[in-house]
Amino acid sequence: MASKRVAIALLLVLSGCGGLRMERYLRQQEDDWPTFARGATRTAVASSQVTPPLTLAWEQDVTAGVGNGSPVIVDSVVFVTNLRGELYAIAARTGRVIGWVGLGDAIQGSPVVDGSTVFMALSNTRESLVAYDLFEGKVRWKKNFGDIETSPLLYDQHLYIGNISGQFFCVHRGSGDEVWKFELPANKTLKGIRSSAAADSGTVVFGADDGWIFALRSGSGALLWKFNTGAPVSASPLIDGGMVIVGNRSGEVIALARSTGSLLWRCDTRESIVANAVPAGECVVVGTLAGTALGLRTRDGQQLWRTSLSGPISAGGAVAGTTVFVGTLRKQIYALDAGSGRVIWNESADGRIRTSPAAAFGHLYIATDEHSVLAYREAAQ
């Protein structure tokens, strides 16, 4: 594997900024995972079961570590961005690199694929929101919205992103022009936004470093409600069944009514949380930086199970049928039974896992900070 990586790295150096052009328009399929946590509500629930035990189907080197988002999959193509500002397209079933292109500096979050356009947010660069046309093989537009460390949200033909200075934007999908802007109230210390937004029923929700959760009207940016959690919120909110559920860095998981922001329940795990929660059966599953996965009953927040894993969990899971997949910073991938939290499969990876998995086409896809994208399939296949 080391010699393979050297060869790939040399090829990329010799070829400059690479090239990525699809021979046909992408067609979205039922199994696709086109954005972070699969959709606007950030549920990360696959359309079909992926049943452990799993076996490695392929491994591909993307020459740089992957940030806090996840791989995305559209029309049997896996799209991955890395911390060198590159976008890779990889054949989902074989691992063959279709192409790649350099777009700027670090890309921390997931891309969003819509039709044959990929939208990406960048940090440490002047033009921080990019639309790339896969069919034409060129950048459609680039715009400056400050340093962005989150995954863009595509909702009702608009993009929603927050930056590390505490500004939140609605952006026109086609032109990249600003539609409206919201700034964190009284943000004199430039507290930022590192929580990827979620949306449902005309409401866009995100957390901020100042500990507040904000809900804005998607069409106008008007503040609908806000809630102070008491500690920084880096996790993306989950919207499920009319509830907004999110954890904060002090270890509280908080459930609010989506329409009003009223508190429904809160659970103090006493372990810092930066990973997004995912719904699985009658519970939501959330991982902590202390290495614990918890199943909390969705209706009231009561702890149903608690499982200690090998290392810190900094990214949310992926749900496929009755299984929750999650990775840790100690290079482990786990499959948990959603009903009991029991570990039913685990595998070592070649690097720390800071990204959420994605599940599609009977495969599990996950990236590591050692340049690798891994694809697992059911062992019985």
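Residues numbered from 1 in each chain as written. Predicted model: local features only at pLDDT ≥ 70, side-chain atom pairs only at ≥ 80, totals over all residues. Heavy atoms only, no water.

Undergrad: What exactly am I supposed to notice about the overall build of the chain here?
TA: In terms of regular secondary structure, the chain is built from one helix and 33 strands. Relative to a compact globule of 381 residues, whose C-alpha radius of gyration would be 21 Å, the chain shows 19 Å and is just as compact. Once the C-alpha set of the chain is aligned to its principal axes, its extents read approximately 55 × 50 × 35 Å. Out of the 381 residues belonging to the chain, those deemed buried represent 60%. (Helix = DSSP H or I, 4+ residues; strand = E, 2+ residues; numbered from the N terminus. Rg over C-alpha atoms; globule rule 2.2 N^0.38 Å. Buried < 20%, exposed > 50% of the residue type's maximum accessible area, 1.4 Å probe, protein only.)

Undergrad: Whenever I open this one, the sheet that holds strand E4 (residues 77–81) confuses me. Can you help?
TA: Through backbone hydrogen bonds, the strands of a sheet pair up, either in parallel or in antiparallel fashion. What the five strands build is an open sheet, ordered E1-E6-E5-E4-E3; its pairing is antiparallel. The sheet terminates laterally at strand E1 (18–19) and strand E3 (72–74), the two strands that pair on one side only. As paired strands, strand E5 (residues 86–91) and strand E6 (residues 97–102) are joined by five bridges and run antiparallel to one another. Residue alanine 89 lies in a different strand from E6, and its bridge partner there is glycine 99. (Pairing = 2+ DSSP bridges.)

Undergrad: Please explain the environment of aspartate 156 as it appears in this structure.
TA: With respect to the secondary-structure elements, aspartate 156 resides in the loop between strand E11 (153–155) and strand E12 (158–162). Sequence separation of aspartate 156 and aspartate 200 is 44 residues, and the distance between their C-alpha atoms is 10.0 Å.

Undergrad: What am I meant to see in the packing of aromatic side chains here?
TA: Considering all chains together, one arrives at 12 aromatic pairs under this definition. An aromatic cluster is defined as three or more aromatic residues linked by ring pairs; in this entry it consists of Tyr160, Phe168, Trp180, Phe182, Phe206 and Phe214. Against the face of tryptophan 212 rests lysine 226, its NZ or CZ located 4.8 Å from the ring centre. (Phe/Tyr/Trp six-rings, centres within 6.5 Å; stacked < 30°, edge-to-face > 60°. Lys NZ or Arg CZ within 6 Å of the ring centre and 35° of its normal.)

Undergrad: Can you walk me through the nonpolar core in this structure?
TA: Among the nonpolar cores identified, the biggest contains 51 residues, and Trp33, Ile73, Val78, Phe325, Ile333 and Tyr376 are the most heavily contacted of them. Apart from residues no more than four positions distant in its own chain, tryptophan 33 is found in contact with Arg38, Ala44, Val45, Ala46, Ser70, Pro71, Val72, Ile73, Ala318, Pro357, Ala358 and Ala359. In terms of nonpolar packing, the next biggest core, distinct from the first, is built from 19 residues, Val72, Val74, Val118 and Leu134 among them. (Core = buried A, V, L, I, M, F, W, Y, C linked by side-chain atoms within 4.5 Å. Contact = heavy atoms within 4.5 Å.)

Undergrad: Help me out: how do you make sense of the pairing of E4 in this one?
TA: Looking down a regular strand, the side chains alternate between one sheet face and the other. A large share of E4 lies buried, amounting to five of its five residues. Alternating residues of E4 divide into Val77, Phe79 and Thr81 and Val78 and Val80, and every residue in both groups is buried. Across three bridges, the pairing between E3 and E4 is antiparallel. Opposite valine 74, over in E4, you have valine 77 as the bridge partner.

Undergrad: Just checking my understanding: could you explain the sheet that holds strand E20 (residues 243–247) for this structure?
TA: Strand order in the open sheet formed by four strands is E19-E20-E21-E22, with antiparallel pairing between adjacent strands. One side of each edge strand has no neighbouring strand; the edge strands of this open sheet are strand E19 (238–240) and strand E22 (263–268). Averaged over all pairs of adjacent strands, the angle between their axes in this sheet comes to 20°, without regard to strand direction. The pairing of E19 with E20 spans three bridges and is classified as antiparallel. In the sheet register, isoleucine 239 faces E20, and the bridge partner there is valine 244. (Axes fitted to C-alpha atoms, helices over the stretch in contact; angles between N-to-C directions.)

Undergrad: Explain the environment of glutamate 378 to me, please; I cannot follow it from the model alone.
TA: The residue glutamate 378 is located in strand E33 (residues 372–378) in this model. The spatial distance from the C-alpha of glutamate 378 to the C-alpha of leucine 54 is 4.4 Å, given a sequence separation of 324 residues. Residues contacting glutamate 378, with those up to four places away along its chain left out, are Gln49, Val50, Thr51, Pro53, Leu54, Thr55 and Gly362.

Undergrad: Any chance you could explain unusual backbone geometry here in plain terms?
TA: Most peptide bonds are trans, and most residues other than glycine sit at a negative phi. The peptide bond linking proline 52 to proline 53 adopts the cis configuration, its omega dihedral lying at 5°. Note that proline 53 resides in the loop between E1 and strand E2 (54–61). We note that histidine 371 has phi near 75°; this positive angle belongs to a residue other than glycine. Among the residues examined, histidine 371 registers a relative accessible area of 27% and is labelled partly exposed.

Undergrad: Please clarify how the side chain of threonine 203 should be interpreted in this entry.
TA: Within the fold, threonine 203 resides in strand E16 (residues 203–207). The exposure class assigned to threonine 203 is buried, which follows from its relative accessible area of 7%. Setting aside anything within four residues of it in sequence, one finds threonine 203 in contact with Ala198, Ala215, Leu216, Leu224 and Arg258.

Undergrad: Just checking my understanding: could you explain the side chain of aspartate 75 for this structure?
TA: Positionally, aspartate 75 belongs in the loop between E3 and E4. In this structure aspartate 75 comes out as buried when scored by relative accessible area, which is 3%.

Undergrad: When you look at the pattern of salt bridges in this model, what are you seeing that I'm missing?
TA: Side chains carrying opposite charge are able to pair once their charged atoms draw close together. Taken as a whole, this structure holds 13 salt bridges when the rule is applied. Here glutamate 149 makes a salt bridge to arginine 194, at a shortest N to O gap of 3.4 Å. Taken together, the residues glutamate 149 in the loop between strand E10 (138–143) and E11 and arginine 194 in the loop between strand E14 (178–183) and strand E15 (198–200) connect sequence positions 45 residues apart. Judged by its relative accessible area of 30%, arginine 194 falls in the partly exposed class. Here arginine 306 makes a salt bridge to glutamate 271, at a shortest N to O gap of 2.5 Å. (Salt bridge = Lys/Arg side-chain N within 4 Å of Asp/Glu carboxyl O.)

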